[in-house]
Amino acid sequence: MEKRRLGRTGHLSTVAIFGAAAFWDVPQTEADRVLDLVERAGINHVDVAPSYGTAESRLGGWLARNRERLFVGCKTMERTREGAAAELRASLERLQIDSFDLYQIHAVTTMADLEAATGPGGALEAIVEAQRAGLTRFIGITGHGIDAARLYLKALERFDFDTVMFPLNHVQCSDAQFRREAEALLRRCRERDVGTMVIKSIARGSWGERERIYNTWYEPFDTAAEIEEAINFVLSQDVTGLCTAGDIGLLPLVLEACENYTPMAAAEQEALIARGQALTPLFVRD
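These numbers come from a predicted model, not from an experiment.

Parameters at a glance
Residues numbered from 1 in each chain as written. Predicted model: local features only at pLDDT ≥ 70, side-chain atom pairs only at ≥ 80, totals over all residues. Heavy atoms only, no water. Helix = DSSP H or I, 4+ residues; strand = E, 2+ residues; numbered from the N terminus. Expected span 1.5 Å × (residues − 1). Buried < 20%, exposed > 50% of the residue type's maximum accessible area, 1.4 Å probe, protein only. Arc of directions from axis to C-beta. Contact = heavy atoms within 4.5 Å. Polar contact = N/O pair within 3.5 Å; in protein donor to acceptor, adjacent residues only side chain to side chain. Core = buried A, V, L, I, M, F, W, Y, C linked by side-chain atoms within 4.5 Å. Axes fitted to C-alpha atoms, helices over the stretch in contact; angles between N-to-C directions. Parallel < 35°, antiparallel > 145°, perpendicular 65-115°, else oblique. Nonpolar A, V, L, I, M, F, W, Y, C, P; charged D, E, K, R; others polar. Pairing = 2+ DSSP bridges.

Caption draft 1: Structural detail: helix α1 (residues 28-40). With 13 residues, α1 extends 18 Å between its outermost C-alpha atoms, agreeing within 8% with the 18 Å of an ideal straight helix rising 1.5 Å per residue. Listing the buried residues of α1 in full gives Ala-31, Val-34, Leu-35 and Val-38. Mapping the buried residues of α1 onto a view down its axis gives an arc of 105°, with all of them on the same face. Away from its buried face, by an angle of more than 90 degrees, α1 presents the exposed residues Thr-29 and Arg-40. Each element contacted by the buried residues of α1 is listed here: β3 (16-19), α2 (55-66) and α9 (251-259). Among the residues trailing α1, Gly-42 stands out with phi positive, at a value near 80°.

Caption draft 2: Local environment of the side chain of Thr-9. With respect to the helices and strands, Thr-9 occurs in the loop between β1 (3-5) and β2 (12-14). The exposure class assigned to Thr-9 is buried, which follows from its relative accessible area of 9%. There is a polar contact of 3.2 Å between the side chain of Thr-9 and the backbone nitrogen of His-11. In this structure Thr-9 touches Phe-71, Arg-137, Phe-138 and Thr-163, once residues within four positions along its chain are discounted.

Caption draft 3: Geometry of α2. Across its 12 residues, α2 extends 16 Å between first and last C-alpha, which sits within 8% of the 16 Å expected from 1.5 Å per residue. Residues Ala-55, Glu-56, Leu-59, Gly-60, Trp-62, Leu-63 and Asn-66 constitute the buried set of α2. Considering only its buried residues, α2 is in contact with β3, α1, β4 (45-47), β5 (71-76) and α3 (81-95).

Caption draft 4: Geometry of the nonpolar core. Core analysis: the largest hydrophobic core is formed by 88 residues, its most contacted members being Phe-18, Phe-23 and Leu-59. The element best represented in this core is helix α6 (residues 148-158), accounting for seven residues. Excluding its chain neighbours within four sequence positions, the residues that come into contact with Leu-59 are Phe-18, Ala-20, Phe-23, Leu-35, Val-46, Val-48 and Leu-95. Among the nonpolar cores identified, the runner-up in size contains nine residues, and Phe-138, Met-165, Ile-199 and Cys-243 belong to it.

Caption draft 5: Geometry of unusual backbone geometry. In this structure, Gln-96 is a non-glycine residue whose phi angle is positive, near 60°. In this fold, Gln-96 is placed in the loop between α3 and β6 (100-105). Judged by relative accessible area, Gln-96 falls into the partly exposed class, the value being 47%. In this structure, Asp-193 is a non-glycine residue whose phi angle is positive, near 60°. Summarising the element assignment, Asp-193 is placed in the loop between α7 (176-192) and β9 (195-199). Residue Asp-193 is classed as partly exposed on the basis of its relative accessible area, which comes to 28%.

Caption draft 6: Quick look at the packing of α2 against α3. Look at α2 against α3: their axes get within 7 Å of each other, and the N-to-C directions meet at 60°. Compared by their axis directions, α2 and α3 come out oblique. Packed against α2, whose contacting residues are Glu-56, Ser-57, Leu-59, Gly-60, Leu-63 and Ala-64, the element α3 presents Ser-91, Arg-94 and Leu-95 at the interface. Tallied by class, residues from the contact of α2 with α3 come to four nonpolar, three polar and two charged.

Caption draft 7: Quick peek at the sheet that holds β5. Strand order in the closed barrel formed by eight strands is β3-β4-β5-β6-β7-β8-β9-β12, and the pairing between neighbours is parallel. Taking the axes of each pair of neighbouring strands and ignoring which way they run, one obtains an average angle of 25° across the sheet. Bridge analysis of strand β7 (residues 136-142) against strand β8 (residues 163-167) gives three bridges, and the strand direction is parallel. Bridging from a neighbouring strand, Gly-140 pairs with Thr-163 of β8.

Shown next, in the form of structure tokens:
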């Protein structure tokens, strides 16, 4: 599988980053089966958070055994210094490791979130202290929502984050403003050597009133052809990689698409975005 440099971290991440949200509620035996698949695919970058159900507990022993070859990113949704410090240490204990490669302020979707987390007494203070103490090497920011790219441009003005993680897919890019802001964010990250990671790469849209048949909070594309097309689009952007979907049933298709990634020409990308206009993006404007 192709590897790309995660900005100034210098880490060569596989373009598929294992999204441990897939372990929201699975038994250890099932998690172990999935982790065998992850190992066989050669994935060297893991994304996890305490808000992902049983994920940290399911990963713990495996991470301890494979720590040297893995880049481990974790997150906090806490907004205060004290809350983030406590959550960071609790995650280390559950994951059975001594430190993170990357620790991120998670789920920043509004200016109020950003101000709380980066202001006086906010979570960022705890993460910077953890970095000084050797508990994390790098600091990042993540989140969802229609304003994600615009917010992270503002975030980079407030603090020199090492990485950003935000949603990107061809359906969402049919929103012209979102696309402009995403492209501006990617340009800024390239200028400042900030690592870029994508979530929601295979999002078709919101579930709405439809029955949820996958463990993803968005309705995903679910055929091999659709997933391959969606991933070819995302990886044709100036990004390091993408987090795999939060459903273990979709994981083999996502990994296969990442392993078989083929760059998509500009004209093909435009045609795919145009087709995406027939769908309603996951994030819509009020």
